[in-house]
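Here is what each chain is made of, one letter per residue.
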Amino acid sequence: MPDLEHTTAAAEQAETKERFYMRFTPEQRYLHATLFSTFLGLAATGLPMRFSESIWARHFAAGVGGFGSILFFHKLCAVVLTLAFLIHVRDLFTRAFIRHEKGIFWGSTSMVANWKDAKDLFGHLRWFVGLGPKPQFERYAYWEKFDYWAVFWGMIVIGFSGYAMWFAPFFARFLPGWALNAALVIHSEEGLLAILFIFSIHFVNTHLRPDSFPMDMVVFTGVESEEEFKHKRALEYARLEKTGKLEAKLADAPHSWQVHFSKIVGFTAIFIGLLLLVFTLSAYFI
Amino acid sequence: MADAARELGRSTIGPRGRVVSPDARRLLRLIAKTMRAGLMVAGFVLFVLVAASGKLCAEADCLGCHADQSMQDAAGHSIAVDGAKFGKSIHGSLKCGDCHSDIKDYPHPEHLKKVQCSTCHADPATGLAGSVHADGKDHPCTSCHGDAHSIFPKTDSRSAVYPLNIPRTCGNCHGNEGMAKKHGLASVYPLYMDSIHGFALSKEGLLVAANCTSCHGSHHILSRKDPQSPTFKANIPNTCGTCHAKITDEYMAGAHGKALAAGKTTVPVCSDCHTAHDILQPTADAFRMQSTPICGNCHKDKFSTYRDTFHSQLGSLGGYVQTARCWDCHQAHDVRPASDPSSPIAAGNLVATCGKCHANANKSFVQYQPHANAHVRKMNPALYFIRLFMNLLLAGTLTFFMIHTILWLIRARYDQVKKRSAEGDKHA
């Protein structure tokens, strides 16, 4: 293959007639990148604090320059993630109330759960055990909405309790002192839930299940093939086709460097996540 | 004898009047003179010999032999004496025979009695007799005071028992692993030398720094199991108080000291927290790290709840030792219950106590429970239910999605295999 660097999948697409559609905007991808990198940082520095008695926690702390640097890095990631979250909220607000964009709070493109999600959940469970057909999904399936709201709720709960501990004397002006006890319980339990959920459930549901194995690249490259689109979200594809909006979603195939870069980043993230999961579980069982 | 010679001279005339020739007289006179001189020499030699076989009374006499530095007894031990050094030593004005009293004449017997220092030093000898060192096989005095012929006063830096030299002197035995093991003792010398007392002594040359004898005494050293010993548990606060007087007063005013005074010997004394020999500077990181579990040995419930808090979690990860340790809130020596209004953890003092670290601590802030137990409903119901809710949320979410994901995985794989085999893919 001559000139490998510049050979894009687009060229192959021309031959194979494979078409790619845009699923995530660059802003959404950056948001996800910021979210997962700070989340990994928060998990890597939060777990040693949660399991401060375990050997790996002490070795890790000693290796990175003691607890002082762990806490510094934890707070740094927290601030970056908070900023990303606030930017996301501002973006939602602008789209919904300034630009009066449709489909933010309701409709088939919304993240807000609806009656179809409840039906999809039960339909999906029935299909798992062979009692019904496989449900067809819209732009966001119920487990994706759950992931989104889990993070949204986690951001508020973990974030608030974290800042309450960081600026304890300030928060104590409004809260009783024992709320700081509660803040640690809430922060560590919710953080643990987030870590266990992301590193096991989210990884498998989104990346490691047979339809996406070993990794769903769409959140890194922003695009996915027509075949994948149709298979995973038939209803969205049909709706776009019907309303004539499908053509507008057409995108170039990802550059090979994009794919390689995404694979490196994605697998690194998954590897770190799984490693932290093993450490977390080892703290309970060893 | 002179009379005898004269008698002999007179006899030259002869009693019987026989005349002797002048040459013969002259010869006789010469012989008599020579004999007289010889007899005088012999007499002097005899006198000297007789005198010498009597008392040896000057050091010079002993040093005539013992100054030879290579001199050894039959067993190969040096029996040489450095006269100059001995002269400067504290015993320099004494004569050999004052101590080696069994040497009366020369030659002296090969085996002499052990010198009894107690002849002069009665008090130390009495003390030593009842001490742990009483049954020592070596000479009990010289083992510590060094070579008997070069003993200096303890205020002299050449003395083996000069304050700065004491640890090394004791360490000759107590820094020896073999000796320590044999007697079931710890090899304490290295520990002491690394302690704050050891540093003060070895690095600063601080003469008042506690050395071995400051705590153990010198001659009358008793086992720490002996109630009379300064290192007996109940006596330790007083022993340390010899130097740390204010600390001992504070300790005795606190809960531990009061309990000790009441005869309760399970309470901690100085050495339980600070250790006996390996004493660290209390503000040192290592001490802050090691000391909390010591309190936890007795205060188990408080220790386990402390470990659930941020204070402990940060502290466990090395390098960050500033977070509150037991005594940062409870005080180290004057430990008092919260019910005592003068306690730093009494309700009225909490703002000041927490404020030592948390600059803006207020009444509400100090309601924080540093020993909260979220598993005990009675202690704090709100916290208990928050913990319960979080646990159920965690367990519920994970359980549901674990089942969901596993079923999904199985089903998706089943469909994939079916689809691929329908397409004739052998690698499914």
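Bear in mind that the values here come from a model prediction, so they are computed numbers and not experimental data.

### Comments concerning the confidence of the model for chain B
Residues and elements named next belong to chain B.
Next, step 1: Overall, the predicted model of chain B reaches an average pLDDT of 84, with 87% of residues at or above 70.
Next, step 2: Overall, residues 1–17 carries pLDDT values under 50, and its contacts beyond four positions in sequence, including any with other chains, amount to nine contacts.
Next, step 3: Long-range and interchain partners of residues 49–57, a stretch whose pLDDT sits below 50, account for seven contacts in this model, where long-range means more than four residues apart.
Next, step 4: Here the predicted complex carries an ipTM of 0.89, next to a pTM of 0.74.

### Digging into unusual backbone geometry
Next, step 1: Put simply, A:F213 and A:P214 share a cis peptide bond, and its omega is 0°.
Next, step 2: At A:H100, a position not held by glycine, the phi torsion is positive, near 50°.
Next, step 3: Among the secondary structure elements, A:H100 is positioned in the loop between α4 (66–98) and α5 (115–128).
Next, step 4: We note that B:T275 has phi near 65°; this positive angle belongs to a residue other than glycine.

### Re the confidence of the model for chain A
Next, step 1: Averaged over every residue, the pLDDT of chain A is 89; the share at 70 or more is 94%.
Next, step 2: Confidence drops under a pLDDT of 50 for residues 1–7 of chain A, and excluding neighbours within four residues, the segment shows two contacts in the predicted structure.

### Some remarks on the packing of helix α8 (residues 178–208) of chain A against helix α22 (residues 381–422) of chain B
The axes of two packed helices give the description: the angle between them and the distance between them.
Next, step 1: Where α8(A) contacts α22(B), the two axes come as close as 9 Å, and the packing angle between them is 0°. Judged on the interaxial angle alone, α22(B) and α8(A) are roughly parallel.
Next, step 2: Of the residues contributing to the contact of α8(A) with α22(B), the split by class is 19 nonpolar, five polar and three charged.

### Comments concerning the interface of chain B and chain A
Next, step 1: Contacts between the two partners involve 42 residues from chain B, matched on the other side by 43 residues from chain A.
Next, step 2: Listing elements by their share of the side of chain B that touches chain A, those giving two or more residues are α19 (310–316) and α22 of chain B.
Next, step 3: Looking at the side of chain B that touches chain A element by element, the count peaks at 19 residues for α22(B).
Next, step 4: In the side of chain B that touches chain A, the residues fall into 23 nonpolar, 16 polar and three charged.

### A closer look at helix α13 (residues 256–285) of chain A
Residues and elements named next belong to chain A.
Next, step 1: Between its terminal C-alpha atoms α13 stretches 42 Å, which fits the 44 Å expected from 30 residues at 1.5 Å a residue.
Next, step 2: All buried positions along α13 are accounted for by S262, A269, G273, L276 and T280.
Next, step 3: Residues of α13 that are buried make contact with α2 (26–50), α8 and α9 (218–221).

### Points about the sheet that holds strand β3 (residues 250–251) of chain A
Residues and elements named next belong to chain A.
Next, step 1: Strands sit in the order β2-β1-β3 across an open sheet of three strands; the sheet is antiparallel. Every interior strand has two partners, whereas the edge strands, β2 (223–225) and β3, have only one.
Next, step 2: As paired strands, strand β1 (residues 20–22) and β2 are joined by three bridges and run antiparallel to one another. By the bridge assignment for β2, Y21 is matched with E224.

### Quick notes on α2(A)
Next, step 1: Over its 25 residues, α2(A) extends 35 Å from the first C-alpha to the last, a length consistent with the 36 Å expected when each residue adds 1.5 Å.
Next, step 2: Listing the buried residues of α2(A) in full gives A:T38, A:F39, A:L42, A:A43, A:A44, A:T45, A:G46, A:L47, A:P48, A:M49 and A:R50.
Next, step 3: Among the structural elements, α3 (55–63), α4, α8 and α13 of chain A together with α19 of chain B are those in contact with the buried residues of α2(A).

About the cut-offs
Residues numbered from 1 in each chain as written. Chains lettered and ligands numbered in written order. Predicted model: local features only at pLDDT ≥ 70, side-chain atom pairs only at ≥ 80, totals over all residues. pLDDT = per-residue confidence, 0-100. Contact = placed C-beta atoms within 7 Å. Helix = DSSP H or I, 4+ residues; strand = E, 2+ residues; numbered from the N terminus. Axes fitted to C-alpha atoms, helices over the stretch in contact; angles between N-to-C directions. Parallel < 35°, antiparallel > 145°, perpendicular 65-115°, else oblique. Nonpolar A, V, L, I, M, F, W, Y, C, P; charged D, E, K, R; others polar. Expected span 1.5 Å × (residues − 1). Buried ≥ 20, exposed ≤ 12 C-beta atoms within 10 Å, placed from the backbone. Pairing = 2+ DSSP bridges.

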